[in-house]
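Inside the fold
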Amino acid sequence: QVQLVESGGGLVQAGGSLRLSCVAPARTFGSYGMGWFRQTLGQEREFVAGTDWSGLTTYYADSVKGRFTISRDNARNTVYLQMNSLKPEDTAIYYCAATMSSAPKPSTRYEYAYWGQGTQVTVSS
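Analysis parameters
Residues numbered from 1 in each chain as written. Predicted model: local features only at pLDDT ≥ 70, side-chain atom pairs only at ≥ 80, totals over all residues. Heavy atoms only, no water. Phe/Tyr/Trp six-rings, centres within 6.5 Å; stacked < 30°, edge-to-face > 60°. Helix = DSSP H or I, 4+ residues; strand = E, 2+ residues; numbered from the N terminus. Buried < 20%, exposed > 50% of the residue type's maximum accessible area, 1.4 Å probe, protein only. Polar contact = N/O pair within 3.5 Å; in protein donor to acceptor, adjacent residues only side chain to side chain. Contact = heavy atoms within 4.5 Å. Pairing = 2+ DSSP bridges. Axes fitted to C-alpha atoms, helices over the stretch in contact; angles between N-to-C directions. Disulfide = S-S within 2.5 Å. Lys, Arg positive; Asp, Glu negative; His and termini not counted. Salt bridge = Lys/Arg side-chain N within 4 Å of Asp/Glu carboxyl O.

1. Thoughts on the packing of aromatic side chains
Applying the stated criterion across every chain, the model contains seven aromatic pairs. Measuring from centroid to centroid gives 5.3 Å for Phe47 and Tyr59, while their planes differ by 15°, and the two rings are stacked. Taken as a pair, Phe47 in strand 5 (residues 46-51) and Tyr59 in strand 6 (residues 58-60) lie far apart in primary sequence, 12 residues in all. One exposure class covers both Phe47 and Tyr59, and it is buried. Between the aromatic rings of Tyr95 and Trp115, the centroid separation amounts to 6.5 Å while the plane-to-plane angle is 80°, which identifies the pairing as edge-to-face. Residue Tyr95 is located in strand 9 (residues 92-99), and its partner Trp115 is located in strand 10 (residues 114-115); the two are separated by 20 residues in the primary sequence. You can call Tyr95 buried: its relative accessible area is 11%. Using a relative accessible area of 23% as the deciding quantity, one classes Trp115 as partly exposed. By way of ring pairs, the aromatic residues Phe37, Phe47, Tyr59, Tyr95, Tyr112 and Trp115 are connected into one cluster.

Here it is as structure tokens:
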């Protein structure tokens, strides 16, 4: 079973940076595409960023493009979300997710079978 463990959330001032990390079991990590989603209270979980199994293909929601960077280190079984120039509207619970989908650039939560527990990101103004 795939269990994802997230870390790196916290409180940061607007304009600041955070790096989220997500660790997956070594035996499965390299087989999965990975994504980051976020969710605020009462809202749908929305796609933020994704990467294929190699890390060579990355893609982003328009709202974060140019500010966030997703990357993965398969040797460390870890996917990262580097968040720069944070805005208060980035405040959310951020979730790491894994997909076995063969579709290009999966960006819906329904395409991701495994999820982390979520880590809170709060951006103050």
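From this point, the narrative continues.
2. Structural notes on the side chain of Thr99
Within the secondary structure, Thr99 is located in strand 9. We classify Thr99 as buried; its relative accessible area is 3%. From its side chain, Thr99 meets the backbone oxygen of Glu111 in a polar contact 2.5 Å long. Excluding its chain neighbours within four sequence positions, the residues that come into contact with Thr99 are Tyr32, Gly33, Pro106, Glu111 and Tyr112.

3. Regarding the sheet that holds strand 7 (residues 68-73)
The strand order across the open sheet formed by four strands is 1-3-8-7, and the pairing between neighbours is antiparallel. Two strands lie at the open edges of the sheet, namely strand 1 (5-7) and strand 7, each paired on one side alone. Each neighbouring strand pair of the sheet contributes to a mean axis angle of 15°, computed without reference to strand direction. In this sheet, strand 8 (residues 78-83) lies alongside strand 3 (residues 18-23) in antiparallel orientation, the contact comprising six bridges. Counterpart to Arg19 in the pairing with strand 8 is Gln82.

4. What about the state of the cysteines?
A full pass over the atoms with the stated rule returns one disulfide. Covalent S-S linkage joins Cys22 and Cys96, the inter-sulfur distance amounting to 2.1 Å. With the S-S bond torsion at -75°, the cross-link from Cys22 to Cys96 turns out left-handed. Of the two residues, Cys22 is situated in strand 3 and Cys96 in strand 9; the sequence distance between them amounts to 74 residues. Note on accessibility: Cys22 and Cys96 belong to one class, buried.

5. Quick word on the side chain of Glu6
In this fold, Glu6 is placed in strand 1. Arg45 provides the closest opposite charge to the buried, salt-bridge-free Glu6, at an N-O distance of 7.8 Å. A polar contact is formed between the side chain of Glu6 and the backbone nitrogen of Gly118, at a distance of 2.3 Å. Every residue in contact with Glu6, bar those within four places of it in the chain, is listed here: Ser21, Cys22, Trp36, Tyr94, Tyr95, Cys96, Gly116, Gln117, Gly118 and Thr119.

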